[in-house]
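Summary of structural features
Residue strings, one per chain:
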Amino acid sequence: MVELKSIGRTSIQDEVFKQLMDNIISGKWVPGEKIPSEDHLAKALSVSRVTIRAATQRLSALGLVSVKQGGGTFIEKYTVSRHLNSLIPLLAIENKDIMHLMQLRKIIEVGIIEVVAKIISKSEIEALENIYQKMMENRDNREAFAKYDSDFHLALADLSKNPLIVVCYSVISDIFSSSMKKIVDIMGPDEGLYYHKEILNALKEGDAQKAQALMHEHIERTINAVSKAAETAEKGHEK
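Figured I'd write up the structure that's included with this text. (Residues numbered from 1 in each chain as written. Predicted model: local features only at pLDDT ≥ 70, side-chain atom pairs only at ≥ 80, totals over all residues. Heavy atoms only, no water.)

Moving on, we get to the pairing of strand β1 (residues 65-68). Relative to strand β2 (residues 72-75), β1 runs antiparallel, the two being bridged by four bridges. Along β2, the bridge assignment pairs Val65 with Ile75. Connecting the antiparallel pair β1 and β2 is a turn made up of three residues, with Gly70 showing a positive phi of about 80°. (Pairing = 2+ DSSP bridges. Helix = DSSP H or I, 4+ residues; strand = E, 2+ residues; numbered from the N terminus.)

This next bit is on the nonpolar core. Grouped together as the largest cluster of nonpolar side chains are 41 residues, with contacts concentrated most on Leu128, Leu156 and Leu203. Secondary structure elements with two or more residues in this core: α6 (98-119), α7 (122-137), α8 (142-159), α9 (163-187), α10 (190-205) and α11 (208-238). One finds Val16, Ala42, Leu62 and Ile75 within the second-largest nonpolar core, a separate group that totals 18 residues. (Core = buried A, V, L, I, M, F, W, Y, C linked by side-chain atoms within 4.5 Å. Buried < 20%, exposed > 50% of the residue type's maximum accessible area, 1.4 Å probe, protein only.)

Now for the layout of surface pockets. Left-over empty space is what a probe sized like a water molecule reveals as it rolls over the atoms. Approximately 240 Å³ is the volume attributed to the largest pocket. Elements supplying a minimum of two residues to the lining of the largest pocket: α2 (38-45), α3 (49-61), β1 and β2. (1 Å grid on protein atoms, 1.4 Å probe; cavity = no way out; pocket = protein on both sides within 12 Å on 5 of 7 lines; lining within 4 Å. Points joined across faces, edges and corners; volume = space filled by probe spheres on them.)

For side chains of opposite charge, pairing can occur when their charged atoms come near one another. Under the definition given, this model contains 14 salt bridges. Put simply, Arg53 and Glu38 hold a salt bridge, and the shortest N to O gap is 2.8 Å. Of this pair, Arg53 sits in helix α3 while Glu38 sits in helix α2; the two residues are 15 residues apart in sequence, bridging distant segments of the chain. Overall, Arg53 belongs to the partly exposed group, its relative accessible area being 33%. Note on Glu38: relative accessible area 23%, which makes it partly exposed. Across the pair Arg142 and Asp185 runs a salt bridge, and its minimum N-O distance is 3.8 Å. Placement of the pair is Arg142 in helix α8 and Asp185 in helix α9, with a sequence separation of 43 residues. Judged by its relative accessible area of 30%, Arg142 is partly exposed. Each of Glu38, Asp39, Arg49 and Arg53 takes part in salt bridges that share partners, so that together they form one network. (Salt bridge = Lys/Arg side-chain N within 4 Å of Asp/Glu carboxyl O.)

Keep in mind these values describe shape, not function.
Here's what the structure looks like:
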């Protein structure tokens, strides 16, 4: 039986969660293993069953355990990509500033395009062109345009064929999606269409360096435009 420490009365729920998490990360509880019952854990940790249940629900939300009704709680296989899911609540709370998120996008997407440019196939370029065509068709529908703009960048992440890149970018994309229409409202559709078309051309040419430079410039110009719009809005509030 894994040794458990009695819990004090400060931040009880967090302490319980941390102990259970530590047992999983350290390998004391292995994938497929059924962890002790709520009653056993509650007695061992000197807390209520409600506190134990809250901790296991947090672990379940992170994909680290699965709770089977009437069957107990079991350890799921732990992987880095699974654990990255814990970034979702963190980024959603802490990364409220769109400028910070744009800077993160620039770093990640320039790296993504480097990987993709070296391995992309003709059929995959055609799939990107289909998304670009949807952007063209919806240039006067800002909401739809923003969706297909996001889809284009998300498709690039998928084409990296790197599961960690896909997970990281999915997190960013989920948080960023609510801001995409505002960015399209600020910049209009023409700039996005221009850069996406040029990036597609660079990918067709197999020119990774050119594709990277275009992606860097594309996001940098977006950062500058959003920054200026924010400054203008702030000055307007001050009057």
